[in-house]
Amino acid sequence: MANNLQLQGSRPAFATSRRRAVVVNARLATRRIAPPSPEKVKEAEQGVLTALGSVKGRGASGMDVSNQELLNVAVEVLERDGGVPGPTTLPQLDGRWKLLYTSRPGSASPIQRTFVGVEAFKVFQEVELTGELPRVNNVVDFGWWLGYLKVEAEASIETRPLPGFTPRCGAGLPLFGKSFAYPPARANSRIDFQFDKAAFHLKLLPFTIPYPVPFRILGDERKGWIDITYMNEDATLRIARGNKGTLFVLAKDLPVEDLKGQLMAAIEQQDNTKILSTIALMEQSNPTPRPAKSRLVSGTWRLLWSQQAEDASPLQKWGSSQSRNYQVRAATAQVPIQQLDCFEIKIKLSCNHPASSSMHM
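Conventions adopted
All residue numbers refer to positions counted from 1 along the written sequence of the respective chain. Residue-level local features of this predicted model are given only where pLDDT is at least 70; pairs of side-chain atoms are given and counted only at 80 or more, and the full residue set underlies all totals for whole chains, interfaces and linings. Only hydrogens and water are set aside when side-chain values are computed; all heavy atoms of the structure are taken into account. The helix and strand labels rest on DSSP assignments: H or I over at least four residues marks a helix, E over at least two residues marks a strand, and numbering proceeds from the N terminus. Classification of residues uses two cut-offs on accessible area relative to the type maximum, computed with a 1.4 Å probe and protein chains only: under 20% is buried, over 50% is exposed, and between them is partly exposed. By this rule, a helix spans an expected 1.5 Å times one less than how many residues it contains. To obtain the arc, one takes the directions from the helix axis to the C-beta atoms. The contact criterion used is simple: two residues touch if any of their non-hydrogen atoms lie within 4.5 Å. Any carboxyl oxygen of Asp or Glu within 4 Å of a side-chain nitrogen of Lys or Arg constitutes a salt bridge here. Under the rule applied, a polar contact is a pair of N or O atoms within 3.5 Å (in protein, one hydrogen donor and one hydrogen acceptor; residues adjacent in sequence only if both atoms are side-chain atoms).

A.B. asks: Teacher, can you tell me more about the side chain of Thr236 here?
C.D. replies: Note that Thr236 resides in the loop between strand E7 (223–231) and strand E8 (237–242). Judged by its relative accessible area of 3%, Thr236 falls in the buried class.

Structure (structure tokens):
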């Protein structure tokens, strides 16, 4: 059966490779390997999002071997490509980015580490480099009914150095994790920062609660840096590495309508790789909890695109392109009805199984 607008289970061709990912940023500057082709880069983007499709707690709970390998290989391809040059000089970098994955949540403070690993919370990074005072902030969103934690930092970049700021140097105290001191692999790719304030903003309280970390007296321990090792041209996917060796994968927190527009454009252009990548981004930002059992799923849905199974017959492929395929789901019905309009013939098929979970039908 065709995989209708579903990314789960798909794997790019390079997913079976046994190569190990390159995880030391400094080596990227010295490796003399030809850059990957644009097709491989698109496949790698899809590979990253596919691997993270089922990860819990942004990596805190670990990953199965196949998805971890897929992620490692895909990240290596993207970092070798590098994405857009000089990302810290581009206004597209500004905005709110959703954290999809972090390789070392243990390098954060105990409080942040706890929050990052909770699946119910959303974690964002706010980048503001074009404003009056460049900043980069971390936000843990506890939900609209509870509030959020915001940890704020002043930022310094090559084109806009922070006056009087000295970048972090040295390994630091073992208690806080070892910090690396190698230079950035590419120009205008590093954001130096120093934390200066943080607070809990809770809905039920008319005041903020200070974050229990005395940044002012921590010296170099409140400083750090982030190297942007990959950002795509659309500024929708970003890979970064921190001064303690942590890998971050982030997606731009775009309105659902913007993602829908990108998806429709990709379908019109018949760009399957872009379609799958956009679907994966939409899955990460899905605003509907338990979608397969939501009342919003009732109605008549027209199939706009499908990914045919590898073993689909030529007749299946030809038939799907010659017919209009609909799924009709009544609010009171337990099973959907498939309707195919092929030339002057209408065919209705009743599916014999209800939703198997809150996500799958």
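A.B. asks: Just checking my understanding: could you explain helix H4 (residues 256–269) for this structure?
C.D. replies: In an α-helix there are 3.6 residues to a turn, and that puts residues three or four apart on one side. For H4, spanning 14 residues, the distance from its first C-alpha to its last is 20 Å, which sits close to the expected 20 Å at 1.5 Å a residue. Along H4, the residues classified as buried are Leu259, Leu263, Ala266 and Ile267. Along the axis of H4, the buried residues cluster in a sector spanning 100°; they form a single face. Opposite the packed face of H4, turned more than 90 degrees from it, sit the exposed residues Glu257, Glu268 and Gln269. Buried positions along H4 lie against helix H5 (272–284). Remark: Gln270 follows H4 within two positions and exhibits a positive phi of approximately 55°.

A.B. asks: Just checking my understanding: could you explain the pattern of salt bridges for this structure?
C.D. replies: Inspection of the entire model under this criterion finds twelve salt bridges. Between Arg241 and Glu79 there is a salt bridge; the shortest N-O distance is 2.7 Å. In this pair, Arg241 sits in strand E8 while Glu79 sits in helix H2 (residues 65–81), placing the two residues 162 residues apart along the sequence. The class of Arg241 is buried, set by a relative accessible area of 4%.

A.B. asks: Even after reading the chapter, I still don't get the side chain of Asp196, so can you show me in this structure?
C.D. replies: Among the secondary structure elements, Asp196 is positioned in strand E5 (residues 190–202). The class of Asp196 is buried, set by a relative accessible area of 14%. Here the side chain of Asp196 touches Arg135 through a polar contact of 2.8 Å, side chain to side chain. The residues contacting Asp196, other than those within four sequence positions of it, are Arg135, Glu152, Ala153, Glu154, Phe215, Arg216 and Arg222.

A.B. asks: Before we go on, may I ask you to explain the environment of Asn272 in this structure?
C.D. replies: By secondary structure assignment, the location of Asn272 is in helix H5. For Asn272 and Ser306, which are 34 residues apart along the polypeptide, the C-alpha to C-alpha distance reads 9.4 Å.

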